[in-house]
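Structural features, examined
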Amino acid sequence: MREPTFWILTALVDQPRHGYGVIQQVTKLSGGETRLLAATLYAALDRLAAEGLVEVDREEAVDGRLRRYYRLTDSGGAALAAETQRLSRKVATANRLLDALRPGAGPATVAFG
Amino acid sequence: MSPATAARYRRYRLLARAYPPGPRRAELLDTMLMVAEDTGRRRPSAREVVNVLRHAPRARLGRPGNRLVVPIAALVAILSGFVSASLAARAYGESDRPLPSTAQMTAIANLVTPGVEDPPLQRHEQVFVNGNGEAQFGQVRYQVDHVTPVPDLRAYDAEVADRLAADGWRLGPLVYSGHADQRTAEFLTATKDGWLLTFGNVYQALEPEGGGWFEVSVRRIEPAGMPVGFAAGGLAGMVLGWFLTGWASRRTEQHPQASGVLALLAIIAAGTSAPMISSVVQDYLTIVDQGFTLHEGPIWSWTVPGDEGLLLLAPTILVTVVAAAIVALCRPPHGSHRRRPATDDRPGLAT
């Protein structure tokens with residue numbers, strides 16, 4: 001899962017959001033590291049909708065402008081959970097190896113594989 | 001709406017029009033406007049413009065979330081452009097301009113092969129396919145053995161070139177076989193009055209003592225408007241191919257397996273036709289550069305029934321027929337005649 005996809009799914013965990021809401025939430029959650037542009041966001045949303053990971057929650061017309069809200073589907077939640085576990089395992093592995101190399105943590109021998 | 005807000009709206013609406021009409025264009029515009037209002041931006045940034053123009057073609061082709069659809073459309077466009085460019089060039093190239101008469105050919109023979117009385121002329125008024133399955137220009141030609149020994153090929157041909165130049169022929173490229181200093185064949189080209197003369201002087205063997213022969217042919221030079229016709233035809237075909245891909249993409253969007261097969265077929269078609277397209281494009285550039293090709297057949301030879309080029313393109317044609325059948329068998333999605341959305345980017349809707 002690419003990083004923008006991960007953040008878009010994460011941004012939709014707590015509530016349905018419209019496009020700009022997703023952009024704002026992704027910027028906030030990623031600490032400003034990921035700043036989505038509108039066309040990139042909608043290309044990703046189209047792809048995620050085709051994969052059944054997100055869906056349109058509702059539409060609103062605000063000042064005559066169309067605003068669609070997107071929500072995470074059950075499959076989207078499951079995919080995000082699986083990705084999160086995968087990333088957690090990676091982090092745990094890296095941390096374990098780094099801990100073994102820290103001074104005072106015993107012999108600096110690490111067995112790979 | 002203040003003038004500044006209205007101006008910003010117009011600029012972003014113009015950018016959003018890269019997308020096809022519909023809800024997606026409307027919500028993209030809304031989102032871009034919200035970002036612009038939040039950041040105080042009055043016009044789209046270069047990054048936003050590039051981003052929209054990068055993704056809009058996918059939406060225009062009916063697959064906004066598909067990264068492959070634009071490259072596939074480009075391949076189909078190239079293939080379609082190649083076909084239409086060739087047909088346009090053929091329309092220009094098949095003309096009724098006269099070839100040299102027998103008297104004119106005799107005069108030419110006196111210049112390039114003096115001493116040859118009544119050369120055995122072969123005349124083909126229009127493009128024809130020779131025994132090797134190669135389309136050849138309509139031409140008048142003859143081939144005769146060296147009348148007298150030609151001990152120095154280059155010296156003999158230099159004299160021929162001088163006589164042609166003195167008679168008003170404009171000398172073109174010269175190609176040869178063998179080593180630069182030990183040539184076994186030379187082919188001179190010269191143009192005059194819309195004709196291209198090719199004079200070949202060929203040794204039977206490496207040594208001049210083995211004798212040899214002359215090959216002389218005169219054909220019509222490519223029409224002056226042909227390169228423009230080729231380019232215009234190619235451009236029109238590319239546009240057609242692009243729209244054709246969009247139509248096929250929408251028709252098959254509910255059929256993911258068929259879509260995958262079609263993408264694969266497009267890649268195969270492009271791959272199998274690439275050598276021919278490359279050859280034709282190189283030939284075209286030669287014509288643009290010097291006004292004529294050095295090949296024995298026209299740039300559109302492959303469109304002539306019986307030419308080997310058509311055989312080389314057989315896999316491409318087969319793949320295209322299969323792709324067309326798949327598209328025809330796929331039922332378009334229900335409601336493909338989309339209604340205009342109630343809310344879109346029409347100016348009156350924004351306040």
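Coordinates for the structure precede this section.
Residues numbered from 1 in each chain as written. Chains lettered and ligands numbered in written order. Predicted model: local features only at pLDDT ≥ 70, side-chain atom pairs only at ≥ 80, totals over all residues. Heavy atoms only, no water.

**With respect to the overall build of chain B**
Along the backbone of chain B there are 10 helices and eight strands. A globule of 351 residues ought to have a C-alpha radius of gyration of about 20 Å, yet chain B, at 29 Å, is considerably larger. Referenced to the eigenvectors of the C-alpha coordinate spread, the extents of chain B come out at roughly 90 × 45 × 40 Å. Expressed as a percentage of the 351 residues in chain B, the buried residues total 46%. In the form shown here, chain B has an accessible surface area of approximately 18200 Å², with 60% of it arising from carbon and sulfur atoms. Computing the positive centroid from 34 side-chain charges and the negative centroid from 32, chain B places the two 24 Å apart. (Helix = DSSP H or I, 4+ residues; strand = E, 2+ residues; numbered from the N terminus. Rg over C-alpha atoms; globule rule 2.2 N^0.38 Å. Buried < 20%, exposed > 50% of the residue type's maximum accessible area, 1.4 Å probe, protein only. Areas by Shrake-Rupley, 256 points an atom, 1.4 Å probe, with all protein chains shown as cover. Lys, Arg positive; Asp, Glu negative; His and termini not counted. Charge placed at Lys NZ, Arg CZ, Asp CG, Glu CD.)

**Things to note about the pattern of salt bridges**
Considering all chains together, one arrives at 19 salt bridges over all chains under this definition. In this structure, E27(B) engages R68(A) in a salt bridge whose closest nitrogen and oxygen atoms are separated by 3.2 Å. One end of the pair, E27(B), is in helix α2 (residues 23-39); the other, R68(A), is in strand β3 (residues 65-72), on a second chain. Given the relative accessible area of 15%, R68(A) is considered buried. For R24(B), the salt bridge goes to E27(B), with nearest N and O atoms at 2.9 Å. In this pair, R24(B) and E27(B) are both assigned in helix α2, three residues apart and thus about one turn of the helix distant. No difference in accessibility class separates R24(B) from E27(B), as the two residues are buried. If you follow the salt bridges from partner to partner, you end up with D46(A), E59(A), R68(A), R24(B) and E27(B) in one network. (Salt bridge = Lys/Arg side-chain N within 4 Å of Asp/Glu carboxyl O.)

**Quick notes on the interface of chain A and chain B**
It is common to give the size of an interface as the accessible area lost on bringing the parts into contact. Between chain A and chain B, the residue contacts involve 23 residues of the former and 28 residues of the latter. Carbon and sulfur atoms make up 53% of the surface buried where chain A meets chain B, a total of about 2400 Å² over both sides. Counting the surface chain A buries against chain B, the share from its top three residues, Y20(A), R65(A) and L66(A), is 29%. In this structure, the connection of chain A to chain B is made through five salt bridges. Residue E37(B) pairs with R65(A) through a salt bridge whose shortest N-O separation is 3.2 Å. At the boundary of chain A and chain B, one finds 12 residue pairs in polar contact (both at pLDDT 80 or more). Elements that contribute at least two residues to the side of chain A that touches chain B include exactly α2 (19-29), α3 (38-50) and β3 of chain A. At seven residues, the largest contribution of residues to the side of chain A that touches chain B is made by α3(A). Taken together, the residues of the side of chain A that touches chain B break down into 10 nonpolar, five polar and eight charged. (Contact = heavy atoms within 4.5 Å. Buried area = accessible area lost by both parts, 1.4 Å probe. Polar contact = N/O pair within 3.5 Å; in protein donor to acceptor, adjacent residues only side chain to side chain. Nonpolar A, V, L, I, M, F, W, Y, C, P; charged D, E, K, R; others polar.)

**Things to note about the sheet that holds strand β2 (residues 54-62) of chain A**
Strand order across the open sheet formed by three strands is β1-β3-β2 (chain A), with antiparallel pairing between neighbours. Edge positions in the open sheet fall to β1 (17-18) and β2 of chain A, since each of these has one partner strand only. (Pairing = 2+ DSSP bridges.)

**Observations regarding the sheet that holds strand β8 (residues 212-220) of chain B**
Residue and element names in this part refer to chain B. Across the sheet, which stays open at both edges, the six strands sit in the order β1-β4-β8-β7-β6-β5 with antiparallel pairing between neighbours. Both outer strands of the open sheet, β1 (122-124) and β5 (170-179), are each paired with one neighbouring strand and no more. Each adjacent strand pair in this sheet contributes to an overall mean axis angle of 15 degrees, direction not counted. The pairing of β1 with strand β4 (residues 139-145) spans three bridges and is antiparallel. Within β4, the position partnered with R123 by the bridge is V140. (Axes fitted to C-alpha atoms, helices over the stretch in contact; angles between N-to-C directions.)

**Notes on the packing of α3(A) against α2(B)**
It is at 10 Å that the axes of α3(A) and α2(B) come closest, and there the two elements cross at 135 degrees. Between α3(A) and α2(B), the interaxial angle falls into the category oblique. As for how α3(A) packs across α2(B), the hand of that crossing is right-handed. Contacts between α3(A) and α2(B) involve A38(A), A39(A), Y42(A) and D46(A) from the first element and R24(B), E27(B), L28(B), T31(B) and M32(B) from the second. (Parallel < 35°, antiparallel > 145°, perpendicular 65-115°, else oblique. Left-handed = near helix turned anticlockwise from the far one by under 90°.)

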